Number of protein chains: 2
Amino acid sequence: MASASTSTDVAKTKANEYPKIAPGGGLILAWQLKGKKVLLVGGGMVAAGRLVNVKDADAHLTIISPRSGLSAEMKYRLFTEECVEVYHDRSFEGESDLYDPSGKLYDMVLTAIDDSDLSRSICQMARKLRIPVNVADVPPECDFYFGSLIRRGPLQIMVSTGGKGPKIANQVRVVMEKAIPENLGDAITNVGVLRAKLRERVPEQSSSPRRMKWMIDVCEKWNWDQLAEMTEEDMDKILAGWSERKSPSYVEVRGVRKAYAPNLHSIAKRLFAVCPVVGYISPWAAGLMGFASGAGVAVGTIAFRTRRA
Amino acid sequence: MASASTSTDVAKTKANEYPKIAPGGGLILAWQLKGKKVLLVGGGMVAAGRLVNVKDADAHLTIISPRSGLSAEMKYRLFTEECVEVYHDRSFEGESDLYDPSGKLYDMVLTAIDDSDLSRSICQMARKLRIPVNVADVPPECDFYFGSLIRRGPLQIMVSTGGKGPKIANQVRVVMEKAIPENLGDAITNVGVLRAKLRERVPEQSSSPRRMKWMIDVCEKWNWDQLAEMTEEDMDKILAGWSERKSPSYVEVRGVRKAYAPNLHSIAKRLFAVCPVVGYISPWAAGLMGFASGAGVAVGTIAFRTRRA
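Computed from a predicted structure; not experimentally measured.

Undergrad: Explain the packing of helix 5 (residues 166–179) of chain A against helix 7 (residues 208–221) of chain B to me, please; I cannot follow it from the model alone.
TA: Pairs of packed helices are described in terms of their axes, by the angle between the two and the distance that separates them. For the pair helix 5 of chain A and helix 7 of chain B, interaxial distance at closest approach is 9 Å and the crossing angle is 45 degrees. Relative to helix 7 of chain B, helix 5 of chain A is oriented oblique. The hand of the helix 5 of chain A/helix 7 of chain B crossing is right-handed. Across the interface between the two elements, Lys167, Ile168 and Gln171 of chain A from helix 5 of chain A touch Ile216, Cys219 and Glu220 of chain B from helix 7 of chain B. Of the residues that constitute the contact of helix 5 of chain A with helix 7 of chain B, the class distribution is 3 nonpolar, 1 polar and 2 charged.

As structure tokens, then:
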């Protein structure tokens, strides 16, 4: 697609092919917190939500909040689940609190406290020290916003309305959750394992494009339910296809008989799998198919009864 | 929910109420780039994708890349669309390139070049200077990852698999896109306008919880189609309800007759709107309804013909 010889004139004729820039959004990212230290100032309900966000991302977490201000969830996380690395039972004391005991700056600072003057001053200190900061409920004091989240194992989906409609963001999240099968997390986990096995077997950097292509082939041939059911044994059979430049399908790996042997639920799902992305069917298509089969059954029943009468 | 008197013992009994921490994810964020300066090193296809990401988020963008290495899209963005603030037709030269002309550090650095040694050294410089950095395709040199995105006006949805299954992330994006109505962006924009009008009318900080509650009421009473159709005139009528502690519904604002007058498409949508979140219906429910109506029509038709015969 990209070639050095493509002239600006050619580029011009392609104008309609490229998506138009749509200003006004945020830059949606998956910030990496593994091995990073996060400071959270606050202990209320909002702080407990932040705690879950950063612990879900494997951060090393320090919390500063007087014990008297801890919400029930915060108490549970701190003293029952014990998922927080460092807890200081006191208020925020000043710039020195932005350094961990080893004298290193924290990698991220979050505040969720009612004192808006203190929030503002923490934000200013963090910015001066180039620490990414989020002050709950005060957009101008946030380098980043949080959104409404869905999690299924390694799958994470975030819905953001840039603060314009938090309630709608939540409604959208509910719609998304319904549209995504429960076992999709397992499917992605298995794809991750297969990918790691492939990289182990064909480690050369030069094979990277072929590896990517092959993985895409597998994901196109195996639907989400099949990927979720994939065993280590299946993976070995699939990997055996690499040298012959083949990516065996579910039926090729398991045999036709086995492929149609699973439980009623997966048969039903397979029957409904008419859309390109298997496992999801548009309500319109479902309604139409329902209409046709309803009419069929009615006509059939009437014909049968008429003949018997 | 959060009260200072809640004891640790009470918190313990609530253990099952709280979601379990699910490690292994990223911290999904909407990074704010309005008024921020971003440096992008590279001019190929991947760089063009990064350009769209950061310009969609209103960043001030500087690109460093020899003209000979520009992809067709990059040429289009630079010379036809002219959406990039600063372009340097040269290679990256060293640490001084991480400062803008005024001597200020860039707020974010992205690289998308083939030279992995140069990438690594840019990453190290950026980290030393505490600039968030992303090196395309080299996860350990990324403070953050990008994901698969959906955009509908102010609505942004990101699908991330933490690098485990990029192909599946794309398939999920396609499913999401089908599940979300086209006009949802308009609905959110209108909610944003209504919210701003409300804040103008009732600016007191002390009213913030009541404002939030009232906005939620409106979003629950007006479905997405109705919100998308909402006019300034409608908004004034809704806002008139604030002082009486009412949030008028679509029917109350437009009158019943008008509410049922719109085009066939919205009537069909309203008929199908049996789910709590209006505008989406599960394929199973649609199939069932289709089946019932198919059977009904068949029986009706046969009965009618039989009587005529």
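The discussion continues.
Undergrad: Honestly, the relation of the copies chain B and chain A in this entry has me stumped. Any pointers?
TA: Mapping between the two chain copies consists of a rotation about an axis together with a translation along that axis. Structural alignment of chain B on chain A gives an RMSD of 0.3 Å, achieved by rotating through 180 degrees and translating 0.1 Å along the axis. The operation mapping one copy onto its partner corresponds to a two-fold rotation axis. Most of the interface of chain B is mirrored in chain A: 100% of its interface residues are interface residues there too.

Undergrad: I keep staring at the packing of aromatic side chains and nothing clicks. Help me out?
TA: The geometry of an aromatic ring pair is captured by two quantities: the separation of the ring centres and the angle between the planes. Counting across every chain of the model gives 13 aromatic pairs over all chains. On the basis of an interplanar angle of 15 degrees and a centroid distance of 5.4 Å, the ring pair of Trp31 of chain A and Phe144 of chain B is categorised as stacked. One end of the pair, Trp31 of chain A, is in strand 1 (residues 27–31); the other, Phe144 of chain B, is in strand 7 (residues 144–145), on a second chain. Both residues of the pair, Trp31 of chain A and Phe144 of chain B, belong to the buried class.

Undergrad: Help me out: how do you make sense of helix 7 of chain B in this one?
TA: Since one α-helical turn is 3.6 residues long, residues separated by three or four positions face the same way. Residues and elements named next belong to chain B. Between its terminal C-alpha atoms helix 7 stretches 20 Å, which fits the 20 Å expected from 14 residues at 1.5 Å a residue. Among all positions in helix 7, only Arg211, Trp214, Met215, Val218 and Cys219 are buried. On an axial view of helix 7, the arc spanned by its buried residues comes to 140 degrees, and they lie on one face. Facing away from the buried surface of helix 7 by more than 90 degrees, the exposed residues are Pro209 and Glu220.

Undergrad: In this structure, what is going on with the UniProt feature "transmembrane region" (unreviewed entry) in chain A? I would like to understand it.
TA: The positions that UniProt labels "transmembrane region" (unreviewed entry) are, in the present scheme, residues 284–304 of chain A. Spanning residues 284–304 of chain A, this segment combines 100% helix with 0% strand, and its end C-alpha atoms are found 30 Å apart.

Undergrad: Where do I start with the nonpolar core in this structure?
TA: Side chains of nonpolar character tend, in soluble globular proteins, to be buried together. One finds Val172 and Met176 of chain A together with Val172 and Met176 of chain B to be the most contacted residues of the largest nonpolar core, which totals 66 residues. Filtering out sequence-adjacent residues up to four positions away, Met176 of chain A remains in contact with Ile150 and Val159 of chain A together with Ile157, Met176, Ala179 and Ile180 of chain B. Core analysis: the second largest hydrophobic core is formed by 54 residues, Val54, Leu78 and Phe144 of chain A together with Leu70 of chain B among them.

Undergrad: Just to check I follow, could you spell out the sheet that holds strand 6 (residues 133–135) of chain B for this structure?
TA: Hydrogen bonds along the backbone pair up the strands of a sheet, which may run parallel or antiparallel. Residue and element names in this part refer to chain B. One open sheet accounts for 5 strands, arranged 4-3-2-5-6; its pairing is parallel. The open sheet terminates on both sides in strands that have one partner only, identified here as strand 4 (86–88) and strand 6. Along the sheet, successive strands turn relative to each other by an average axial angle of 10 degrees, direction set aside. For strand 2 (residues 37–41) and strand 3 (residues 60–64), the ladder comprises 5 bridges, and the chain directions are parallel. Paired with Leu39 across the bridge in strand 3 is Thr62. Sheet contacts for helix 4 (residues 116–128): strand 2, strand 5 (108–111) and strand 6; angle to strand 6, the most-contacted strand, approximately 170 degrees.

Undergrad: Got a minute to help me understand the pairing of strand 1 of chain A in this structure?
TA: The side chains of a regular strand alternate, residue by residue, between the two faces of the sheet. Buried residues dominate strand 1 of chain A, accounting for 5 of its 5 residues. Bridge count for strand 1 of chain A against strand 1 (residues 27–31) of chain B is 5 bridges, and the pairing is antiparallel. Bridge pairing in strand 1 of chain B links Trp31 of chain A to Leu27 of chain B. Pairing of strand 1 of chain A with strand 7 of chain B, which is carried by 2 bridges, proceeds in the antiparallel orientation. Counted as the bridge partner of Ala30 of chain A is Tyr145 of chain B from strand 7 of chain B.

Basis of the calculations
- Residues numbered from 1 in each chain as written.
- Chains lettered and ligands numbered in written order.
- Predicted model: local features only at pLDDT ≥ 70, side-chain atom pairs only at ≥ 80, totals over all residues.
- Heavy atoms only, no water.
- Axes fitted to C-alpha atoms, helices over the stretch in contact; angles between N-to-C directions.
- Helix = DSSP H or I, 4+ residues; strand = E, 2+ residues; numbered from the N terminus.
- Parallel < 35°, antiparallel > 145°, perpendicular 65-115°, else oblique.
- Left-handed = near helix turned anticlockwise from the far one by under 90°.
- Contact = heavy atoms within 4.5 Å.
- Nonpolar A, V, L, I, M, F, W, Y, C, P; charged D, E, K, R; others polar.
- Least-squares fit on C-alpha atoms with pLDDT ≥ 70 in both.
- Phe/Tyr/Trp six-rings, centres within 6.5 Å; stacked < 30°, edge-to-face > 60°.
- Buried < 20%, exposed > 50% of the residue type's maximum accessible area, 1.4 Å probe, protein only.
- Expected span 1.5 Å × (residues − 1).
- Arc of directions from axis to C-beta.
- UniProt positions renumbered as here; feature names shortened; annotations may be inferred.
- Core = buried A, V, L, I, M, F, W, Y, C linked by side-chain atoms within 4.5 Å.
- Pairing = 2+ DSSP bridges.

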